[in-house]
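# Overview (structure and organization)
Read off the chains here:
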Amino acid sequence: MFPGFEDALAQVVSPQMLLLCVVGVIGGMAVGATPGLSATVGLALLLPVTFTLDPTSGLVLMGAFYAAAIFGGSFTAILVNAPGTPSSIATTFDGYPMTKQGRSETAIIAVTTASVVGGLTGVVGLLFLGPLIADVVLEFGPQEYFWLGIFGLTMIASLAAKSLLKGFAAGFVGLLISTIGVAPVGGDVRFTFGVTEMQGGVPLIVALIGFFTVPAMLDLITNPAGRSAAMHKERTQREPGLLPRTIRYVLSRPLNLGRSAVIGTFVGMLPGAGGNVANLVAYNEAKRASKTPERFGKGEVDGVVAPETANNAVVGGGLIPLLTLGIPGAPADAVIFGVLMLHGLRPGSELFTEQGPLIFTFILALAVAVLLLAPVGLVAGRGLQRTVVRTPTHLLVPAIALLTIIGSYAVRNNPLDVVLMLGLGVAGYGLRHLGLPPPAIVLGVVLGPIIESGLGQGLLAASGDAYPWMSFFTRPISAVIAIVVLLALAWPLLARWREHRAASRGTATGQTTETKAGANDEA
Amino acid sequence: MRTSRRAFLTTCGAAALSLTGCATRAVPGGSQGTDYPAHSVQYILPFDPGGESDTTARMQQKPLEDALGTSVVISNRPGGGGAVGWSELANQVRPDGYTIMGANIPHVVLQPLARGEAGYETEDIKWAYIFQSTPNALVVSADGGHETLEDFLEAAQSQELTLGGSGSFTANHTGTLTLAREADAQLTYVPFSGTAAASPALLGGQVDALMTYNTEALNLQDKGMRVLAVASEERLAEFPDVPTLVESGFDTVEGAWRGVAVPPDTPKAVIDTLADAFAQVNKDPEIIERSEELGYHLEDMGPAESADFIERRKEADQKLLEQFDMLSG
């Protein structure tokens with residue numbers, strides 16, 4: 001069915017290719033686990049290395065590195081509330097609570113399983129659906145991205161645990177932060193207060209470290225006893241059979257895995273959105289579909305499985321528009337695009353037919369790398385986890401502090417970012433005590449540019465029409481997403497009404513509506 | 001086991017430190033740059049990794065190291081479309097030639113003009129060499145009904161046409177403005193966040209045309225798009241049948257030029273050494289071959305030539321922005 005597929009298969013299992021996969025996976029995981037060093041930056045550093053390799057080896061190395069970097073970002077997200085890459089934002093929501101409860105090993109095993117499943121789904125999507133559905137990507141114009149961003153904002157409803165109003169207030173704080181710097185459409189300079197360096201705006205990872213990691217660190221300082229108890233529990237109660245039990249548990253919930261993987265593959269395909277959006281959407285959908293949404297945010301395993309399945313599926317999904325249309329689906333894909341170009345390989349549908357063996361070797365190597373995530377991840381991830389668990393708080397906190405500084409500096413090699421991170425961290429700590437949820441702020445920072453560019457570009461692109469804004473409702477996909485937005489907005493109200501009704505019926509018959517622990521299977 | 005894990009962490013930390021380039025601040029290198037370069041040179045790109053400027057620099061790294069006889073460390077300092085890096089170059093970097101920075105035209109001309117406070121002035125950017133250019137190209141969909149440039153511009157007389165391009169106040173932007181002015185056409189420019197981000201809008205039919213670079217035009221041509229015109233002085237080797245805008249009667253030569261710049265007070269000897277090194281890089285057979293494949297046009301403008309060139313560009317751009325009322329302040 002695929003010309004050159006058999007050759008590719010033979011090549012992939014050669015010792016040299018396997019070695020490249022292992023090297024790529026280990027390097028990628030180390031870079032991914034370091035906040036501030038994104039997959040993109042790591043790949044750019046690898047770029048000159050690939051000059052000395054033949055095209056196939058270069059691509060295999062980069063593919064393995066990329067997949068592992070995205071996965072590695074989950075370690076620090078779980079252990080110290082510091083997402084290593086923006087693709088692991090939602091992993092902190094339940095991952096860090098699990099650590100606080102002394103269940104970090106379970107979390108690490110769960111995300112490893114999820115990452116392998118997600119990564120393989122993305123690769124399968126790339127292999128079989130790639131050329132077929134690439135054209136769907138092109139139907140997504142500015143208007144569609146605008147609505148996609150608005151749809152993303154409706155997630156605030158589920159991220160804001162207590163007050164919907166405060167949730168939206170937090171979201172708008174995030175949107176405001178995202179407007180700092182040069183405007184994506186029009187080039188105006190905004191809210192820099194004369195500081196030249198602010199023209200670059202606030203990088204997402206700096207906001208993440210500030211809003212997530214710094215408050216977590218302050219909590220450790222103000223309440224060291226809480227951690228000691230949890231750590232003590234994890235150290236002393238080594239549960240036998242935790243590994244197979246956790247893997248079985250994750251795999252026994254195919255709906256969550258499947259849904260998240262499909263979300264990741266699809267969002268990855270869209271050039272205007274990447275892992276940072278996919279992991280949040282997957283988390284939100286997992287929570288919405290769950291029978292026990294109230295357990296999300298408090299250490300629910302499904303809550304770490306969903307984002308990590310999705311962000312690893314983004315890797316394969318993002319390569320679909322790259323290899324078939326020559327359009328990078330995510331920032332990291334731009335670097336891989338550079339490698340292809342430097343070796344004289346112009347992406348496009350003919351790449352599959354003309355360079356069959358090379359492309360299939362690349363895709364298959366990606367699958368091998370994803371499988372390698374399991375052993376390497378379990379060893380490195382649990383090694384890191386045990387180290388963190390065993391480190392006493394008075395040493396861990398300075399270590400995290402150092403990590404936040406290195407991480408925020410590394411994003412753009414800019415000392416201003418360290419200042420910004422500290423400022424946002426203190427602000428985030430304060431805002432949390434006012435009841436403004438940090439995840440909703442970060443959501444605003446992620447989605448602001450997508451919404452703003454979509455709106456501006458959409459209005460300009462339709463400027464020939466009598467009413468340019470009409471294009472936001474008349475384009476078919478736009479109209480569909482707009483309706484989905486309406487439904488999503490109505491959902492919390494609907495859910496509350498149902499809950500209310502169930503509660504009143506429950507009291508009437510004298511039965512409790514509380515679900516039994518562990519019985520939170522999806523419908 | 002405990003030590004090995006700690007060793008793992010230490011290695012991660014050390015790797016992170018070395019990756020982020022903690023060796024940036026080097027000791028000052030001798031007097032007046034006669035012994036330049038005495039140690040490694042830091043080559044900074046004010047853009048994100050993966051773009052054309054970044055790829056070019058990483059391509060140059062090896063031959064540049066050979067030419068300078070020292071190691072070259074490449075890092076990125078993105079922000080504000082390059083403005084963050086350039087303002088640092090103009091105001092903070094030590095003028096000893098050990099920190100050099102990629103710089104782009106028209107960015108360094110348009111940002112100070114349009115933003116007012118870009119953090120640097122065009123004159124603050126001291127050019128050592130301009131080594132590459134990518135001219136603008138006008139691309140339409142093959143089934144969009146515009147066979148030639150004349151067809152397209154005629155259609156733009158009676159109705160408003162939209163042109164996508166890379167960002168605001170870029171070569172694509174001014175190229176669209178100039179064409180609209182010269183041809184008296186109704187062209188609306190739609191800025192996207194980068195060259196690659198604009199292409200789906202043409203492929204998906206959300207804009208009528210793209211004002212992009214010749215490099216991306218090559219990719220688009222492979223996907224069945226039609227290149228109507230290029231904005232270079234002469235016809236381009238990769239598009240022998242595509243007319244230039246100049247030969248169609250429009251006075252517009254526009255595109256992006258890339259070079260390398262140093263802080264304002266850098267000694268002349270250092271600048272000359274750098275210029276010689278980059279001239280040598282441009283003669284590297286591998287650079288020539290790769291550039292040709294990618295559509296990068298090699299340019300060889302030394303410090304004086306570069307300064308002249310930029311002065312001319314600034315005059316023209318100032319006039320253009322004035323006409324469209326886009327000057328700051």
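Every value quoted in this text rests on a predicted model; they were computed, and no experiment measured them. (Residues numbered from 1 in each chain as written. Chains lettered and ligands numbered in written order. Predicted model: local features only at pLDDT ≥ 70, side-chain atom pairs only at ≥ 80, totals over all residues. Heavy atoms only, no water.)

Our next topic: the overall build of chain B. Along the backbone of chain B there are 11 helices and 10 strands. When the 329 residues of chain B are sorted by exposure, 59% land in the buried category. Of the contacts made within chain B by residues no fewer than 6 positions apart, 75% connect residues no fewer than 24 positions apart. In the structure as shown, chain B presents an accessible area of about 12900 Å², 49% of it carried by carbon and sulfur atoms. (Helix = DSSP H or I, 4+ residues; strand = E, 2+ residues; numbered from the N terminus. Buried < 20%, exposed > 50% of the residue type's maximum accessible area, 1.4 Å probe, protein only. Contact = heavy atoms within 4.5 Å. Areas by Shrake-Rupley, 256 points an atom, 1.4 Å probe, with all protein chains shown as cover.)

Moving on, we get to the nonpolar core. Nonpolar side chains in soluble globular proteins generally cluster together in the buried interior. Counting residues in each nonpolar core, the largest one holds 143 residues, and the members touching the most others are Tyr66(A), Tyr43(B), Leu274(B) and Phe278(B). Considering each element in turn, this core owes the most residues, 17 residues, to helix α18 (residues 356-390) of chain A. No fewer than three residues from each of domain 1 (41-133 + 255-324) and domain 2 (135-248) of chain B sit in this core. Residue contacts for Leu274(B): discarding those within four places in its chain leaves Tyr36(B), Leu68(B), Ile100(B), Ala128(B) and Val262(B). Counting residues in each nonpolar core, the second largest holds 65 residues, with Leu148(A), Met155(A), Leu436(A) and Ala440(A) among its members. (Core = buried A, V, L, I, M, F, W, Y, C linked by side-chain atoms within 4.5 Å. Domains from an automatic or database assignment.)

Once that is clear, we can look at the domain arrangement of chain B. All names here are of chain B. Segmenting chain B into domains produces domain 1 (41-133 + 255-324) and domain 2 (135-248). Here the C-alpha centroids of domain 1 and domain 2 sit 26 Å apart. Between domain 1 and domain 2, the contact holds 17 residues from the first and 15 residues from the second. Counting each side, the surface lost to burial between domain 1 and domain 2 is near 1400 Å², with a carbon and sulfur contribution of 70%. (Buried area = accessible area lost by both parts, 1.4 Å probe.)

Residue and element names in this part refer to chain B. The buried fraction of strand β1 (residues 41-45) amounts to 5 of the 5 residues, a majority that puts the element mostly inside the structure. Both faces of β1 are covered, namely the face carrying Val41, Tyr43 and Leu45 and the face carrying Gln42 and Ile44. Of the pairings in the sheet, the one linking β1 to strand β2 (residues 72-76) comprises 5 bridges and is parallel in character. Within the sheet, the bridge partner assigned to Gln42 lies in β2 and is Val73. Following the backbone out of β1, through helix α2 (residues 52-68) and into the adjacent parallel β2, one traces a crossover that is right-handed. Inspection of the sheet shows β1 paired to strand β3 (residues 99-105) by 3 bridges, in the parallel sense. Pairing of Gln42 across the sheet is with Thr99, part of β3. (Pairing = 2+ DSSP bridges. Right-handed = clockwise from strand over helix to strand, strands pointing away.)

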